[in-house]
Amino acid sequence: MKSRMEQRKSFVGVAVLSLTLAVFGSACGDDDEKDPQNTPDSGTPDSGTPDSGTPDSGTPDAGPVTTVSDADIALARFNTDGTLDTTFGAGGTTRMDLSTVAGGTKDSVWGLAADATNRLVVFGSRRGEGDRVDADRVVVRFTANGARDTTFGTDGVHTLNISNLSDGARYGIVQADGKIVASGYTSQPTGVGTQAANRIVLARLDDTGALDNTFGWKGVVNNAPFGPVSASNPEWGMAEAYQVGQFSDGSYVTTGYGRSASSGTVDVVNFKYTATGERDMTFGTGGVALLDLVNDNDRGRNLVVLGDDRVVTVGSATPAAQKISGLVFVTDKNGARDTTFASEGYKLYDFERPEQAFFGVAKSADGNWVAAAGYRAGGGQDDDGVLAIIPVGANGTEVAKVATISETDHDRFWSVAFDASNRVYAAGFVTEGGDNKMVVVRYTTAGELDTTFGTGGIVKHNFIASKTEETVRGIVVQSDGKIVVAGTADKQ
C-alpha cells in the first residue's frame, strides 16, 4: 500500500508563550488529560488518547482493582540474575510522593533515563500546587543508588508550570553533556474564540536542574507547527511530541502525532529543531516528516536516533478500517524515508488482533540492533505484550513475536532496553488475580527467553500486593549491568 509524506496545509513557525501568563480558559485540546490529578499508568487512561477503544497507556478491564486516589513515583533495581538489589534505595526500592495536596493525587511517570555516571532521571507529571487541578511537568533525578539527588532542581525535582495549564508530559533524554531534554505538549488557546490546540513543548535543563537559557525562550520551546490554516480560516491544527532525540550535530527530532485541521484524523509527525530550539524547515517536506497511510489515525509514540543519524520511530498505524497495526518508521537525518529498511520506509506489524501498538524503543550499544515493545489488544481476549527485534547495523534475523506473560489475564510492555551484551529487556505489567505487578522479561536478540534471569526469564515485582495498579514505564541498564525500572505505585 502506498503512503505519502507531505504537508497538506500551511503551518507557521515557532510561537513562544511566557511561562508566567495568567491562567487561560478551560477549553480543552483534542488529546489533553481530562483528569490530571488521576494520571494512572496501568489501569485506566493516561491522556484520553486511544488508538481505538482501548486507552493508549491503560487497560481499564485489567481485572478488579482497588479504587485509589494517590500514587507515588516508584523505582526498583534488580541484579543481573533478576533478584531485587537490596543495596538500592530502601531494600531495593525507592518511592517519592510529589503531590501531597489534601485528598491525595496520583503522580505520573512516562520515562526513565540514566546519565554517564548512572544517575537516574525520571520524566513525568504532578498535580499543581494548592487548589489547582492542572498537571505540571516534572523531571526528577536520583543518585545511581536510588537516593533523591538534592543537588538537582529543588530538592531533586524540576517543575515546569505553563500558565497553570495541564501539561502533557511525555518521554525525555539525557544528552552526552549531561543536559536533559523533556518532551510533551500542552493545550493552549489559539486566540480564536474558545478554541484551544495542543502545541509541542520541549524543555532543556542543565546539569543542576535549571532551565537552559540557550535553548528556546528561557529554556523552553513552545511550538505550534500546524498553525492557522490561513488568514481567512483561523482554525488551528494540533501537534504533540511524545519523544525527542538528538542528532550527532546537536540538533533534535521529535515524534508524535498531529493534524493541520482543527479536527479529524491524526498522522505521525516528526519535526526537527536546531540545537538552540529553532524549527528546521528544510526537514522532510516543508519542515515535517509525515506518515499518513489511508487518511485514518497514525501515531508516533517513541523514537531513537541511530549512530548514523537515522531516526527509528515506533507507534501505530491504521491500514484499514477497524485495524490498527504496530508501526516502525525509519527516516534519515533529513526526514527522507529509509528505503533500505523497507520499500516505503516503514513496516507494519500484525499480531492477529484488532489493535497493536509499540510504545517502547531502544538501540543496542554497538548500534547493531533496535528493539520495539508494546501490546496487542481487542477481539474479546486479554491483552498481550509484543516485541520486535530488528537488525539495523549487522547481519541478523528480525524477530516479531507475541510475548505473553499471562495466558488468562492482561499483560503489556511499555518500555524496552539493551544491556552491554545485547540482551533485550521488555518491561510493563502483568495482571494476576486482579493484582497488577511490574514485570521485566529478558530475551536474546533471537527473541528467546533468557532463563538465567528471574524465573524462566521473567521477573515480577509488587510494591503492594493488594490488587493495586503498578507498571513499569521506563527501564535502563546501568554500566554495571544492574536493571532499574520506574513507574508508579499506589499508596499503602
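Residues numbered from 1 in each chain as written. Predicted model: local features only at pLDDT ≥ 70, side-chain atom pairs only at ≥ 80, totals over all residues. Heavy atoms only, no water.

*Asks:* Could you give me a rundown of the sheet that holds strand E7 (residues 167-174), with the residues and numbers involved?
*Replies:* Strand pairing within a sheet occurs via backbone hydrogen bonds; the two strands may be parallel or antiparallel. Strand order in the open sheet formed by four strands is E7-E8-E9-E10, and the pairing between neighbours is antiparallel. Edge positions in the open sheet fall to E7 and strand E10 (220-223), since each of these has one partner strand only. The sheet shows a mean angle of 20 degrees between the axes of neighbouring strands, direction not considered. Note: strand E9 (residues 196-205) against E10, four bridges, orientation antiparallel. What sits directly across from Leu202, in E10, is Val221. (Pairing = 2+ DSSP bridges. Helix = DSSP H or I, 4+ residues; strand = E, 2+ residues; numbered from the N terminus. Axes fitted to C-alpha atoms, helices over the stretch in contact; angles between N-to-C directions.)

*Asks:* How would you explain the pattern of salt bridges if you had to name every residue and give the values?
*Replies:* Applying the stated rule across the entire model yields 28 salt bridges. For Lys333, the salt bridge identified is with Asp249, shortest N-O distance 2.6 Å. Of this pair, Lys333 sits in the loop between strand E18 (323-331) and strand E19 (346-349) while Asp249 sits in the loop between strand E12 (243-246) and strand E13 (252-259); the two residues are 84 residues apart in sequence, bridging distant segments of the chain. Of the residues examined, Asp249 reaches a relative accessible area of 48% and is grouped as partly exposed. Salt-bridge contacts for Arg423 lead to Asp419; the nearest nitrogen and oxygen are separated by 2.7 Å. On the basis of relative accessibility, which here comes to 6%, the residue Asp419 falls in the buried class. Because the salt bridges share partners, they merge into one network encompassing Asp115, Arg119, Arg141, Asp149 and Asp207. (Salt bridge = Lys/Arg side-chain N within 4 Å of Asp/Glu carboxyl O. Buried < 20%, exposed > 50% of the residue type's maximum accessible area, 1.4 Å probe, protein only.)

*Asks:* Which residues make up the packing of aromatic side chains, and what values do they have?
*Replies:* Counted by the stated rule, this structure contains eleven aromatic pairs. Relative to Trp414, the ring of Tyr375 lies with its centre 5.6 Å away and its plane at 65 degrees, an arrangement referred to as edge-to-face. With Tyr375 in strand E21 (residues 369-378) and Trp414 in strand E24 (residues 411-418), the pair connects residues that are 39 residues apart, well separated along the chain. This pair shows no difference in class: Tyr375 is buried, exactly as Trp414 is. Joined through ring pairs, the aromatic side chains of Trp110, Tyr171, Tyr242 and Tyr257 make up one cluster. The residue whose ring lies beneath Arg299 is Tyr257, and the NZ or CZ to ring-centre distance is 4.9 Å. Over the face of the ring belonging to Tyr375 we find Arg412, whose NZ or CZ atom lies 3.7 Å from the ring centre. (Phe/Tyr/Trp six-rings, centres within 6.5 Å; stacked < 30°, edge-to-face > 60°. Lys NZ or Arg CZ within 6 Å of the ring centre and 35° of its normal.)

*Asks:* Go over the environment of Val314, please, and point to the residues and values.
*Replies:* Tracing the chain through its elements places Val314 in strand E17 (residues 311-320). Residue class for Val314 comes out buried when judged on its relative accessible area of 0%.

*Asks:* Give me the lowdown on the environment of Ala317, citing residues and values where you can.
*Replies:* Inspection of the secondary structure puts Ala317 in strand E17. In the structure, Ala317 is positioned 21 residues away from Asp296 in sequence and 8.1 Å away in space, judged by C-alpha atoms.

*Asks:* Would you mind going over the confidence of the model for the protein in detail, with residue names and values included?
*Replies:* Close reading of the predicted structure is inappropriate where its pLDDT is low. Averaged over all residues, the pLDDT of the protein equals 86, while 83% of them reach at least 70. Low pLDDT (under 50) marks residues 1-68, which in the prediction has 219 contacts with non-local residues, meaning those over four places away or in another chain. (pLDDT = per-residue confidence, 0-100. Contact = heavy atoms within 4.5 Å.)

*Asks:* Would you mind going over the pairing of strand E3 (residues 108-114) in detail, with residue names and values included?
*Replies:* If a strand is regular, its side chains alternate between the two faces of the sheet. The buried count for E3 comes to six of seven residues, which makes it a mostly enclosed element. Direction of pairing for E3 relative to strand E4 (residues 120-127): antiparallel, over a ladder of six bridges. Within E4, the position partnered with Leu112 by the bridge is Val122. Here E3 hands over to E4 after five residues, with Asn118 in that stretch at a positive phi of 75 degrees.

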